[in-house]
Amino acid sequence: MDWADIDVMALMTQPDIREHYAKAWAEERTRSDAGAPSVHGSGAEDRVVQPIYLQLLRDLRIPVGEGVGDTLDVGCGAGRWVRFLQEQVKPRTIVGIDITEQSADLLRSRHASTETTAIDFRAADITDPGLELGGTQFDLINIANVLFHIPEHDLFVQALTNLRRHIAPSGCVMTTEYLPRTEMRTPWMLVRSRYTFEKLITQAGFRIAAIRAFTIFNNDPMGIDGPDDGARLLFNTVRQQFSTIEASLTDAQSLAFLTELRANVDRAVLAFCNERLADIDLPSQKLVALVPA
Ligand SMILES: C[S@@+](CC[C@H](N)C(=O)[O-])C[C@H]1O[C@@H](n2cnc3c(N)ncnc32)[C@H](O)[C@@H]1O
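First things first, this report covers the structure right here in the doc.

This next bit is on the site of the ligand. Among the 18 residues in the neighbourhood of the ligand, the closest are listed as Gln14, Gly75, Asp98, Asp125 and Asn145. A distance of 2.7 Å separates a nitrogen atom of the ligand from a polar atom in the backbone of Gly75. Within the side chain of Asp125, an N or O atom sits 2.8 Å from a nitrogen atom of the ligand. Relative to its unbound accessible surface of 600 Å², the ligand loses 93% to contact with the protein. Among the secondary structure elements, those contributing two or more residues to the shell around the ligand are α1 (14–33) and α3 (80–89). Here the shell around the ligand gets three residues from one element, more than from any other, and that element is α1. Here the residues of the shell around the ligand are counted per class, giving eight nonpolar, seven polar and three charged.

What follows is the structure, encoded as structure tokens:
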């Protein structure tokens, strides 16, 4: 969709986003209670992103892992990253917050504290000027697929202020961003340009410590700015075709094969691009590590 084609009335703001996810996570709870398998993000994307995430934590020497460190997942939703933190990072504590009560309810039904990791879920708004999380300064704050859902400038700035207030001096905020060269608005998202993003995080007292691209065909190629009928159309066509095949498969073995194929296509294109291009210029999402300036 081009900027010019967007119905201004259809552009969602934070209250609309909150309403949408409250309904989505309530429905997910109903499905979950009925015994349906939990819905997380794309399995193929997780296979690609998780090793990159873990390597980045090691490269930046973020003090988390195996009973070490306090972590916060902002916008924890259906728990995709809580599960990642719990199973792969294994910190001392995980706090999950979401603007919807429904997410906190859902995740309390799915994730319990263990001997090594204390887990707590709360309904809380990262744009709330009075946000209080018990005085903890976190070693790792994960905020995935959330900041672009905050189109209001003042709320976005407040969210960054809150992140800065809650990060430990040697900690890191890991956010997933597209970082296009120009701002892009969809009904769902305001994807700020890389220049605006860097200016605002700098004003909030952060600097970018690292950018790692992690997906090419398993997420929206919003990193490619420009019209929807240009390069993004070609990328979206591939994504659509993968989804069509996925929807037609019924047996677990074929689905597992397709998931691995999708991950391998991403890995191959990523490896090729990483030899030639800066991560910031890759088409899709990036892990962006923000540290106190
Ligand atoms: C696209 S989902 C991402 C969920 C999860 N982080 C993931 O990557 O799978 C966005 C989530 O952010 C939450 N959210 C949106 N605005 C928020 C805010 N101001 N404070 C806290 N959570 C928010 C929504 O309720 C929703 O659960």
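Turning next to the packing of aromatic side chains. Under the definition given, this model contains seven aromatic pairs. Taken together, the aromatic side chains of Tyr21, Trp25 and Trp188 make up a single cluster linked through ring pairs. The aromatic ring of Phe156 is capped on one face by Arg192, whose charged end is 3.7 Å from the ring centroid. Looking at Arg276, its charged tip hangs above the ring of Phe272, at a distance of 3.8 Å from the centre.

This next bit is on the environment of Val74. Residue position: Val74 is located in strand β1 (residues 70–74). In the structure, Val74 is positioned 50 residues away from Ala24 in sequence and 17 Å away in space, judged by C-alpha atoms. Excluding its chain neighbours within four sequence positions, the residues that come into contact with Val74 are Ile97, Ile126, Ile141, Asn142, Ile143, Ala144, Val146 and Leu163.

The subject of this paragraph is the pattern of salt bridges. Here the structure, examined in full by the defined rule, presents 20 salt bridges. Across the pair Glu27 and Lys23 runs a salt bridge, and its minimum N-O distance is 3.5 Å. Linking Glu27 with Lys23, this pair stays in helix α1, spanning four residues, or about one helical turn. For Glu27, a relative accessible area of 39% translates into the label partly exposed. Lys23 gets classed as exposed once you look at its relative accessible area, which sits at 55%. Between Asp33 and Arg29 there is a salt bridge; the shortest N-O distance is 3.1 Å. One end of the pair, Asp33, and the other, Arg29, are both in helix α1, four residues apart, so they sit about a helical turn from each other. Residues joined in a network through salt bridges with shared partners are Glu45, Asp46, Arg80 and Arg83.

Calculation notes
Residues numbered from 1 in each chain as written. Predicted model: local features only at pLDDT ≥ 70, side-chain atom pairs only at ≥ 80, totals over all residues. Heavy atoms only, no water. Near = heavy atom within 4 Å. Polar contact = N/O pair within 3.5 Å; in protein donor to acceptor, adjacent residues only side chain to side chain. Areas by Shrake-Rupley, 256 points an atom, 1.4 Å probe, with all protein chains shown as cover. Helix = DSSP H or I, 4+ residues; strand = E, 2+ residues; numbered from the N terminus. Nonpolar A, V, L, I, M, F, W, Y, C, P; charged D, E, K, R; others polar. Phe/Tyr/Trp six-rings, centres within 6.5 Å; stacked < 30°, edge-to-face > 60°. Lys NZ or Arg CZ within 6 Å of the ring centre and 35° of its normal. Contact = heavy atoms within 4.5 Å. Salt bridge = Lys/Arg side-chain N within 4 Å of Asp/Glu carboxyl O. Buried < 20%, exposed > 50% of the residue type's maximum accessible area, 1.4 Å probe, protein only.

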